[in-house]
Amino acid sequence: MNPETIIEKINDDIKDKIQEAALTAPRRINVKVGRERLNEVLTYLKEQLGFTHLGTISGADLGESFEVVYHISNAVTTVNVRILTPRAEPKIPSVCAVIPGAILYERELQDMFGLVVENIPDPRPLLLADDWPAGEYPLRKDWHFNRPAEIIPGGE
Amino acid sequence: MEYKVALGPQHPALHEPISIRMTLDGEVIRDADLKLGYNHRGIEKLAESRTYIQNLYLTERICGICSFSHQTCYTQGVEKLMELVPAKRGLYIRTLVCELERVHSHLLWLGVAGQEAGFESFFMYTWRDREVVMDILDWISGNRVHYSMNTFGGVRRDIDDLQKKKILDSLGLLQSRTEYYLNLAASEPTFVGRLAGVGKLSKEKAISLCAVGPTLRASGVPMDVRKDDPYAVYDEVPFEVCTADSCDVLGRAVVRVKELIQSYRIIEFLLKNLPEGPFKVKAPRKVKENEVYSRYEAPRGENVHYIKSNGSDKPERLKVRAPTLANYAATIAMLKNGFIADIPLIFAAIDPCICCAERLVQLDDARRGESQILTFSQLRAMANERYKNVNFKKKDIAWPF
């Protein structure tokens, strides 16, 4: 099995479920899917092609929409499964049913981008402080850190 | 009767505080829950406002022990975005520092494992020998912790023949000492017996929870980024992926000792085959729009950086996933149905970046409603007390070498 045969197999088997599949770099395959098809595609990759290891889930703020990339690897290559979700309705499906190890990454996405992960087994915040204000998502591009004014005790 | 026990989160000496809340049935852990984020520093957001060169030194400061892992992972990702082919000699030196870092990290871990198992002279020995590696790193880079060796297109400092000779001499010493430890551990049944059967993680669980590094390899899965997705010059260097099948802390120790021996071989090969020529090439400042998923085998497992560029001299997005985060889900699985006395050992076995510090444990007695504060050293003393009278010789477990 090498990246070329994997991409051929993906195109043969699940062409109707994905939007695009391409080899972008050595040992890197890019697959674009609609968010409602995500779990089906991940199940196929896991069960038919042995992609069991989820490296991480990366989010990025593209302005009008959010991009979420699931990096899953097997022994020879890594597939970046990419979905888009509109800013007005930032919902993504949970993949924990397929890959249980995804839970911490999904909780991180909820914290950092304000995405709503549907059917997530554990929706509590992961990284931000307990007194973090609601509705503020630090990795969105329109969020800026404003350093609070320095107060010198006993000073002017 | 169920007890709730909170482990952590805060101690001034820790650089990675974490809180684990456990439900106990007697001495057996029935459930564990994790709370992170006590030291969230916002590095990913900060990286978006700095240039690629500035981020080299920012990524290095993500971790103290595997600083070079993060910097190398970031550097080779950006090099791919720049479509830059680094100098061959630079790549050899980069791989050399990678392996030296693995040696110092694994020696550190062995010492910690010895200490948590109540074998404190082992801790003293391995940490003494770790100084040898730290000295080598100091000779090469001028620093003991943050080496600052990488730059886009190669490394920042060359090594000369005198340094080469010094490293090879020290390597012989390390090799003989590591072999001595192997024999020592093999002839010490209490140490082996204490590690065997603790913190079980089955192969299926390890795969489905996406564990990485020695934790995964000790469950019999031969996944190593250096072989699966070779970077730097690992496709030219002969080495073996080390695994164990025992799925416990003993297996994790065996994997790390085997990796130490492989690392010495890799270092020797690199020094003897170091190519002549320049050690760096000139790199552009701006990077055109693209993205890269960079993987690296850090001492603790697969380290991941995802970098998105936007055509300027600053990254659009830098996503970092350190190996310890990937192992947390597996740690919870290991803690379940284990003994409270094994917490220090299980937790140390994933090699989290919190090895050398004390932790506070609050014991809530649900029946009496009283709280009792225990320090990590008291917890360790409790563990040693519990295992003091166990006859490990009867268990008949041998060091698997």
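Just above, that's the structure.
Residues numbered from 1 in each chain as written. Chains lettered and ligands numbered in written order. Predicted model: local features only at pLDDT ≥ 70, side-chain atom pairs only at ≥ 80, totals over all residues.

Enquirer: Please provide a residue-by-residue account of the overall build of chain B, values included.
Expert: Broken down by element type, chain B carries 15 helices and 10 strands. Of all intrachain contacts in chain B linking residues separated by at least 6 positions in sequence, the fraction that spans at least 24 positions is 69%. (Helix = DSSP H or I, 4+ residues; strand = E, 2+ residues; numbered from the N terminus. Contact = placed C-beta atoms within 7 Å.)

Enquirer: Help me get a handle on the overall build of chain A, residues and values and all.
Expert: Helices and strands together make up the secondary structure of chain A, namely 3 helices and 7 strands. Going from the N terminus to the C terminus, chain A shows its helices and strands as α-β-β-α-β-β-β-β-α-β. Considered along the principal axes of its C-alpha atoms, chain A spans approximately 70 × 30 × 30 Å. Looking at chain A residue by residue over its 156 residues, the buried ones come to 37%. A separation of at least 24 residues holds for 50% of the contacts in chain A among residues at least 6 apart in sequence. (Buried ≥ 20, exposed ≤ 12 C-beta atoms within 10 Å, placed from the backbone.)

Enquirer: Which residues make up the sheet that holds strand β4 (residues 65-73) of chain A, and what values do they have?
Expert: All names here are of chain A. Here 5 strands make up an open sheet; going across it, the order is β1-β2-β5-β4-β3 and the pairing mixed. The open sheet has two edge strands with one neighbour each: β1 (18-25) and β3 (53-61). Sheet twist, expressed as the mean angle between neighbouring strand axes with direction ignored, is 20 degrees. Bridge count between β1 and strand β2 (residues 28-33): 6 bridges; the pairing is antiparallel. From the neighbouring strand, Leu23 faces β2, where its bridge partner is Ile29. Its contacts with the sheet put helix α1 (residues 3-13) on β1 and β2, and the angle it makes with β1 is roughly 175 degrees. (Pairing = 2+ DSSP bridges. Axes fitted to C-alpha atoms, helices over the stretch in contact; angles between N-to-C directions.)

Enquirer: For the environment of B:Ala117, give the residues involved together with the corresponding values.
Expert: Here B:Ala117 is to be found in the loop between α4 (88-116) and α5 (120-141). Discounting chain neighbours no more than four positions away, the residues touching B:Ala117 are B:Phe191, B:Arg194, B:Leu195 and B:Leu345.

Enquirer: Explain the packing of α4(B) against helix α11 (residues 249-272) of chain B to me, and be specific about the residues and the numbers.
Expert: All names here are of chain B. The interhelical angle for the contact between α4 and α11, taken along N-to-C directions, is 150 degrees, at an axis separation of 9 Å. By the angle between their axes, α4 is roughly antiparallel relative to α11. The handedness of the crossing between α4 and α11 comes out as left-handed. Taking contact as the criterion, the partners of Tyr92, Thr95, Leu96, Glu99, Leu100, Arg102, Val103, His106, Trp109, Leu110 and Ala113 in α4 are, on α11, Ala253, Arg256, Glu259, Leu260, Ser263, Ile266, Ile267 and Leu270. Residue composition of the contact of α4 with α11, grouped by class: 12 nonpolar, 3 polar and 4 charged. (Parallel < 35°, antiparallel > 145°, perpendicular 65-115°, else oblique. Left-handed = near helix turned anticlockwise from the far one by under 90°. Nonpolar A, V, L, I, M, F, W, Y, C, P; charged D, E, K, R; others polar.)

Enquirer: Got a sec to walk through the packing of α4(B) against α5(B)? Specific residues and values, please.
Expert: Residues and elements named next belong to chain B. Running from N to C, α4 and α5 point in directions that differ by 165 degrees, and their axes come no closer than 8 Å. The angle between α4 and α5 places the two elements in the roughly antiparallel class. The handedness of the crossing between α4 and α5 is left-handed. Within the contact between the two elements, α4 uses Val97, Leu100, Val103, His104, Leu107, Leu108, Leu110, Gly111, Gly114 and Gln115 and α5 uses Glu120, Phe122, Phe123, Thr126, Trp127, Asp129, Arg130, Val133, Met134, Ile136, Leu137 and Ile140. Across the contact of α4 with α5, the residue classes break down as 14 nonpolar, 5 polar and 3 charged.

Enquirer: Tell me what's going on with the interface of chain A and chain B, and back it up with residues and numbers.
Expert: Taken together, the contact between chain A and chain B spans 26 residues of the former and 26 residues of the latter. Elements supplying a minimum of two residues to the side of chain A that touches chain B: β3, β5 (78-86) and α3 (103-113) of chain A. When residues in the side of chain A that touches chain B are grouped by element, the largest group, 6 residues, is from β3(A). The class makeup of the residues in the side of chain A that touches chain B is 15 nonpolar, 9 polar and 2 charged.

Enquirer: An account of the pairing of strand β3 (residues 28-35) of chain B is requested, with residue identities and associated values reported.
Expert: All names here are of chain B. As paired strands, strand β2 (residues 19-25) and β3 are joined by 7 bridges and run antiparallel to one another. Each bridged residue has a counterpart across the sheet, and for Asp25 the counterpart in β3 is Val28. Between β2 and β3, which pair antiparallel in sequence order, lie 2 residues; one of them, Gly26, sits at a positive phi of approximately 65 degrees.

Don't take any of this as a statement about function, it's just geometry.
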